Amino acid sequence: MRPQTLQSSLFRPLFQVGISLGIARERLLEAVGVDEALLARPDVRVPYAALQRVWTLLVEVGGSEPLAVRLAQALEPTHVGLVGYVLVNSPDLRTSLQRYCRIHALLDPRTTWRVLQLPGMMRVELELDQIG
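Since we're looking at a predicted model, the values are computed, not measured.

**Student:** Could you give an account of the nonpolar core, naming the residues involved and the relevant values?
**Tutor:** Note on soluble globular proteins: their nonpolar side chains tend to be buried together. Core analysis: the biggest nonpolar cluster contains 32 residues, and F11, V32, V46, L51, W55 and L58 have the highest contact counts within it. Counting residues per element, this core draws most heavily on helix α4 (residues 48-61), at seven residues. Ignoring anything within four residues of it in the chain, the contact list for L51 reads L6, F11, L14, D108, T111 and L128.

Here you go:
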């Protein structure tokens, strides 16, 4: 059975992206459905459905810059623990993204990240499992 909860720390960079898009922190918290004090604790697990609601909100609001770029700018090594240090010590962006995709499958098997090499560019795709 797939996990129904996620580490609360996974929401920190998503909140930073949301705030950079002009989404009020209160609206992001409402999407998560967890009190801010609880969300700040590293030992708290958040329902998977909250991740879907936050990503839906981010996509709806969007912006001129791709969400993946905003997310990359918001990520800090501490957001994903030891994994973050593996990423920042990668030799290049492509390797870092590929490593993140592999490792993230262990952190959250309900989401699938893909790095696609296209002529003259890379594309990062995210697929969320549907609940229900």
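From this point, the discussion proceeds with the structure in view.
**Student:** Run through the packing of helix α1 (residues 11-20) against helix α5 (residues 67-74), naming residues and quoting values.
**Tutor:** For the pair α1 and α5, the least separation of the axes is 9 Å and the interaxial angle reads 120 degrees. In terms of axis orientation, α1 runs oblique to α5. Along this stretch, α1 crosses α5, giving a crossing that reads as right-handed. Here P13, L14, Q16, V17 and S20 of α1 come into contact with α5, specifically with L67, R70, L71 and A74. Along the lines of polarity and charge, the residues of the contact of α1 with α5 split into six nonpolar, two polar and one charged.

**Student:** I'd like to hear about a nonpolar patch on the surface, residue by residue, with values.
**Tutor:** On the surface, L82, Y85 and V88 cluster together into a nonpolar patch covering about 340 Å² of accessible area. The residue V88 is located in helix α6 (residues 82-88) in this model.

Parameters at a glance
Position numbers for residues start from 1 in each chain and track the written sequence from start to end. Given that this is a predicted model, residues contribute local features only at a pLDDT of at least 70 and side-chain atom pairs are listed and counted only at 80 or more, while totals for whole chains, interfaces and linings are drawn from all residues. With hydrogens and water set aside, each side-chain value is computed from the structure's full complement of heavy atoms. We call a set of buried Ala, Val, Leu, Ile, Met, Phe, Trp, Tyr and Cys residues a nonpolar core when their side-chain atoms join them within 4.5 Å. Only protein chains enter the accessibility calculation, which uses a 1.4 Å probe. A residue is then buried if its area is under 20% of the maximum for its type, exposed if over 50%, and partly exposed in between. Only runs of H or I of at least four residues qualify as helices and only runs of E of at least two qualify as strands under DSSP, and these elements are numbered from the N terminus. What makes two residues a contact is simply this: any of their non-hydrogen atoms within 4.5 Å. All axes here are fitted lines through C-alpha atoms, helices being fitted over the stretch that makes contact, and every angle between N-to-C directions spans 0 to 180 degrees. The labels follow the angle: roughly parallel below 35 degrees, roughly antiparallel above 145, roughly perpendicular from 65 to 115, and oblique for the rest. Note on convention: the crossing is left-handed when the near helix lies turned anticlockwise from the far helix by less than a right angle, right-handed when the turn is clockwise. Three categories are distinguished: nonpolar for Ala, Val, Leu, Ile, Met, Phe, Trp, Tyr, Cys and Pro, charged for Asp, Glu, Lys and Arg, and polar for the others, with Gly belonging to the last. Each patch is built from salt-bridge-free residues with over 30% relative accessible area, joining like charges within 9 Å and nonpolar side chains (Val, Leu, Ile, Met, Phe, Trp, Tyr) within 5 Å. Every accessible area reported is derived by Shrake-Rupley at a probe size of 1.4 Å, with residue values counting cover from the shown protein chains alone. Criterion for a salt bridge: a side-chain nitrogen of Lys or Arg within 4 Å of a carboxyl oxygen of Asp or Glu.

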